[in-house]
Amino acid sequence: MNTSLHSSTAPKGSPAPAARAPAPDLARGIMLLAIAYAHAPLYVKAVDGTGLLNDVLAFLHQLLINNHARPMFAFLFGYSLVQLLNRQLQRGNDWVSVRKLLRRRGWWLLAIGFVHVMVIVPLDILAPYGIAALLCVGLLRAKDRTLLWLSGIALVPSALMVGFAMWYPLSEGTSAYEAGNIVPEAYGAAELLMGRLVSWPFGLVIGVIMVIPGVFAGIWAARRRLLEEPVEHRTLLIRISVITTAVSLLGSVPAGLMQAGWWTAPSGTSVLVASLLQPFTGHFGGIGLAAIMGLAAIPVIRRPNALATALQALGQRSMSLYLFQSVVFVTLFFPYGLNLQHDLGLAGATGVATATWLASLLIADLMRRAGHRGPAEILLRRLAYR
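Residues numbered from 1 in each chain as written. Predicted model: local features only at pLDDT ≥ 70, side-chain atom pairs only at ≥ 80, totals over all residues. Heavy atoms only, no water.

Peer 1: How do you make sense of the overall build of the chain when you look at a structure like this?
Peer 2: Helix and strand counts for the chain come out as 14 helices and zero strands. The order of α-helices and β-strands along the chain, N terminus first, is α-α-α-α-α-α-α-α-α-α-α-α-α-α. The C-alpha radius of gyration of the chain comes to 20 Å, within 12% of the 21 Å expected for a compact globule of 386 residues. Across the 386 residues in the chain, those meeting the buried criterion constitute 53%. Of the contacts formed within the chain by residues at least 6 apart in sequence, a portion of 86% connects residues at least 24 apart. Of the roughly 17,000 Å² of accessible surface on the chain, 67% is carried by carbon and sulfur atoms. Looking at charge distribution, the chain has the averaged site of its 30 positive side-chain charges lying 16 Å from that of its 16 negative ones. (Helix = DSSP H or I, 4+ residues; strand = E, 2+ residues; numbered from the N terminus. Rg over C-alpha atoms; globule rule 2.2 N^0.38 Å. Buried < 20%, exposed > 50% of the residue type's maximum accessible area, 1.4 Å probe, protein only. Contact = heavy atoms within 4.5 Å. Areas by Shrake-Rupley, 256 points an atom, 1.4 Å probe, with all protein chains shown as cover. Lys, Arg positive; Asp, Glu negative; His and termini not counted. Charge placed at Lys NZ, Arg CZ, Asp CG, Glu CD.)

Peer 1: Explain the side chain of serine 275 here, please?
Peer 2: Mapped onto the elements, serine 275 comes out in helix α10 (residues 268-302). We classify serine 275 as buried; its relative accessible area is 0%. What serine 275 contacts, discounting residues up to four positions off in sequence, is Gly163, Met166, Trp167 and Leu170.

Peer 1: Mind showing me how you'd approach helix α1 (residues 22-39) here?
Peer 2: Every α-helical turn comprises 3.6 residues, leaving residues that sit three or four positions apart pointing alike. Taking 1.5 Å per residue, 18 residues should reach 26 Å; α1 reaches 26 Å between its end C-alpha atoms and fits that length. Counting buried positions along α1 yields 18 of 18 residues, so the element is predominantly enclosed. (Expected span 1.5 Å × (residues − 1).)

Peer 1: Got a minute to help me understand the packing of aromatic side chains in this structure?
Peer 2: Two aromatic rings are characterised by how far apart their centres lie and by the angle between their planes. Within the structure shown, the criterion is met by 10 aromatic pairs. Where tyrosine 43 meets phenylalanine 334, the ring centres are 6.0 Å apart and the plane angle is 45 degrees; that geometry is what we call tilted. Of this pair, tyrosine 43 sits in the loop between α1 and α2 (52-65) while phenylalanine 334 sits in the loop between α12 (318-333) and α13 (346-370); the two residues are 291 residues apart in sequence, bridging distant segments of the chain. A single burial state applies to tyrosine 43 and to phenylalanine 334, both of which are buried. With a centroid separation of 6.4 Å and an interplanar angle of 55 degrees, the aromatic rings of phenylalanine 329 and phenylalanine 333 are classed as tilted. Here phenylalanine 329 and its partner phenylalanine 333 are both found in helix α12, four residues apart, which amounts to about one turn of the helix. (Phe/Tyr/Trp six-rings, centres within 6.5 Å; stacked < 30°, edge-to-face > 60°.)

Peer 1: Explanation requested: α12 in the structure shown.
Peer 2: Between its terminal C-alpha atoms α12 stretches 22 Å, which fits the 22 Å expected from 16 residues at 1.5 Å a residue. Burial within α12 is extensive, with 12 of its 16 residues counted as buried. For α12, the complete set of buried residues consists of Ser318, Met319, Ser320, Leu321, Tyr322, Leu323, Gln325, Ser326, Val328, Phe329, Val330 and Phe333. At its buried positions, α12 is contacted by α1, α4 (95-120), α5 (126-136), α11 (306-316), α13 and α14 (375-385).

Peer 1: Teacher, can you tell me more about unusual backbone geometry here?
Peer 2: Generally, phi is negative for residues other than glycine and the peptide bonds are trans, each holding for most cases. Positioned with a positive phi, arginine 225 is a non-glycine residue whose angle comes to about 55 degrees. Among the secondary structure elements, arginine 225 is positioned in the loop between α8 (189-223) and α9 (234-259). When its relative accessible area of 1% is taken as the criterion, arginine 225 is described as buried. Notably, alanine 265 is not glycine yet its phi reads approximately 50 degrees, a positive angle. Summarising the element assignment, alanine 265 is placed in the loop between α9 and α10. Using a relative accessible area of 75% as the deciding quantity, one classes alanine 265 as exposed.

Peer 1: Whenever I open this one, the pattern of salt bridges confuses me. Can you help?
Peer 2: Should the charged atoms of two oppositely charged side chains come close, the side chains can pair. Counted according to the given criterion, the structure contains seven salt bridges. The closest approach of N and O atoms between aspartate 144 and arginine 224, which form a salt bridge, is 2.5 Å. Of this pair, aspartate 144 sits in helix α6 (residues 144-171) while arginine 224 sits in the loop between α8 and α9, and the two are 80 residues apart along the sequence. With relative accessibility at 14%, the residue aspartate 144 sits in the buried group. Here arginine 369 and aspartate 365 are joined by a salt bridge, their closest N and O atoms 3.1 Å apart. Here arginine 369 pairs with aspartate 365, and both are found in helix α13, just four residues apart, close to one helical turn. Salt bridges sharing partners connect three or more residues here, namely Asp144, Arg223 and Arg224. (Salt bridge = Lys/Arg side-chain N within 4 Å of Asp/Glu carboxyl O.)

Structure, rendered in structure tokens:
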């Protein structure tokens, strides 16, 4: 790196290589699948079903998806902040100018997220990450111990908030997805817009609280280049993957059994403990999935293949294809679209999520072949870099 920070505050490791490391992009590509699985059920009115497939999926969603996709996205976002910092310092920019750039990106992410909510769907992760960038830029030079402490402290209110939101529907014997359904009734455009304007600030605050723990963890990992240099950190990545995945699975089993209806008549205390335990441990599961993708990148580094190349293309255009997901889901489920909200349960929503992600994978690979960066990425770059 041409311009370095003090060793106690600078990202650790050697300068970023010219070639783009595959692991972060592979992780972002898989992250979009997890987000699709997490969001699609929020668009259907009747998530619960009597079929075995619905019950199995309800169990697996609690184990692998619900409150796992968001920490992975937050982790990768924090990781990307350090990657951008490294690139800018390598080009000879000083810390002050890089800090201004990162904050401009944060403000524009907030603006794009606002438009996303007002125009497309009242479910957004871009604006919370914009605020997270504004809050965390100054901490990019904080000590490692400070970052880890802040991540652990921030996890408490985040998991408590999510846990209590999960506790109510579980205590009533309903699905957490159904309780969080975002499909509106057939209101007029003015009423929908006003409702979103009123609720957006509250959703933004909640979203920031939920993502901050993962962002701090991602910054810490990026300083060590864990995903950019997976071969060198293979042993550590294995340990992180095994420990975090085990913690996540064990902590999510009780809520999964309740959600699937396989734990009948649980006590009030059991429901409360399961509801709080699932988001606490799910946070580690999301980070573990990112570590697993780092390990999966090792054979790709040695021998690239078509699927990995397409996944990397998807990860490089994750913002554009995330917005594409919203457009597809609104078109299929909203009253002013095909209005399928009452026709598909959890199994159907999972199928839609899978098909949408596969379409995203194809679109991203076609963009790669055409040399197209991605419309949202181009827009953000032009706005942030002026």
